[in-house]
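Read off the chains here:
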Amino acid sequence: MSSDDSDCSEDIPEVAECQRLCEKFAEITGTDEACAQFYLQDRKWSLEQSVHDFFEDRNNKGAVRVNDKKEAQVVVVVDGSNKGLAAAATAVLAESALCRNAGNSSQKRASTTSAEELNSGTKKTKTNLTFITWNIDGLNEKNLMLRTKAVCKAILNEQADIVFLQEIVPESAEYFLKHLTDYHCLFGNEVGYFVGTFLKKSTVSYKEFKIIDFTTRMMRNCLKVNAVYKNKNVVLFNSHLESTVEGADERKVQLKQMFKEVMACPADTTAIFAGDLNLRDKEVIVSWLVLSVWYCVIHNILYI
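What you see is a predicted model; the values in this text were computed from it and never measured.

K.L.:
Provide a residue-level description of the sheet that holds strand β5 (residues 183-187), including the pertinent values.
P.N.:
Sheet architecture is open: 4 strands sit in the order β3-β4-β6-β5, paired in mixed fashion. Of all strands in the sheet, those with a lone pairing partner are β3 (131-135) and β5, marking the two edges. Strand after strand, the sheet turns through a mean of 15° between neighbouring axes, direction not considered. Bridging between β5 and strand β6 (residues 194-200) involves 5 bridges; their strand directions are antiparallel. Bridge assignment links Phe-187 to a residue of β6, and that residue is Gly-196.

Printed below as a string of structure tokens:
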């Protein structure tokens, strides 16, 4: 265990004490344990400091709306609130929305399945490819694991066949591997931050994958996967191109490199090139190369 790990673990009380502090915070503030964890975890589990900051946030144009059951529903943030509360708001909104959607989806699936089984004895199978691409902002450490859990829930709720994620960090990658057991989880690196391509095992298989290296100052690359969906060959390119205005020259070179990779795919193969491309309109020149690539990609996707 590293010294950093030791220092981090020393800041966390025993489980029973954490629970007691959360309950006490919720009682004093009239919120709930989820809200308590946001404040306590960021303040080394100091109850006094957490309660003080909670009321300070409310006075500083931040607020927690509480329902009739004395549970925090939504963190409301307006101009003037501190950044920590804004990050907490994003996480709470994502978590609560996903939980509601999961419940509604489960009920809907259960009722639909029951009706179908009664009428025909068979279940309806999904016919369309479900694809997600998402930069999950792993470099932002604020509420990282809560946001990682929300991403995981979104993938499972949508039952996505193919998922492209960018800005994954090792902590999130470990969580995905543990909880997305129905997916092949492939990553573009193991350190720093990187892309990840997830394939639903029941609908998508893969033959091989490789990393396409870029000339980059920002650890950027592309993860190429040769996959099969509905007995059709699909080549997946999950890429994170150079960021910022200063990275324009590298980004344009990387884009051209990816166009060549897509163009090199066999004519009977569908190519999907996506990710966080960071492109500005002026950087996408309408040339025969661009038109040919996108015609190839779109034309083949129509036949999946």
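K.L.:
Talk me through the packing of aromatic side chains; I want residue IDs and the actual numbers.
P.N.:
In this structure the tally under the stated criterion is 6 aromatic pairs. Ring geometry for Phe-176 and Phe-198: centres 5.3 Å apart, planes at 65°, overall edge-to-face. On the criterion of sequence distance, the pair formed by Phe-176 in helix α7 (residues 170-179) and Phe-198 in strand β6 is long-range, its members being 22 residues apart. Residue Phe-176 shares its accessibility class with Phe-198, and that shared class is buried. Ring-pair connections join several aromatic residues into one group, and the members of that group are Phe-176, Phe-187, Phe-194 and Phe-198.

K.L.:
Please provide a residue-by-residue account of the sheet that holds strand β9 (residues 232-240), values included.
P.N.:
Strand order in the open sheet formed by 4 strands is β7-β8-β9-β10, and the pairing between neighbours is mixed. Two strands lie at the open edges of the sheet, namely β7 (204-213) and β10 (270-276), each paired on one side alone. Pairs of neighbouring strands in the sheet enclose a mean axial angle of 20°, with direction left out of account. With 9 bridges joining them, β7 and strand β8 (residues 221-229) adopt antiparallel strand pairing. Residue pairing across strands places Tyr-206 opposite Ala-227, the latter belonging to β8.

Analysis parameters
Residues numbered from 1 in each chain as written. Predicted model: local features only at pLDDT ≥ 70, side-chain atom pairs only at ≥ 80, totals over all residues. Heavy atoms only, no water. Pairing = 2+ DSSP bridges. Helix = DSSP H or I, 4+ residues; strand = E, 2+ residues; numbered from the N terminus. Axes fitted to C-alpha atoms, helices over the stretch in contact; angles between N-to-C directions. Phe/Tyr/Trp six-rings, centres within 6.5 Å; stacked < 30°, edge-to-face > 60°. Buried < 20%, exposed > 50% of the residue type's maximum accessible area, 1.4 Å probe, protein only.

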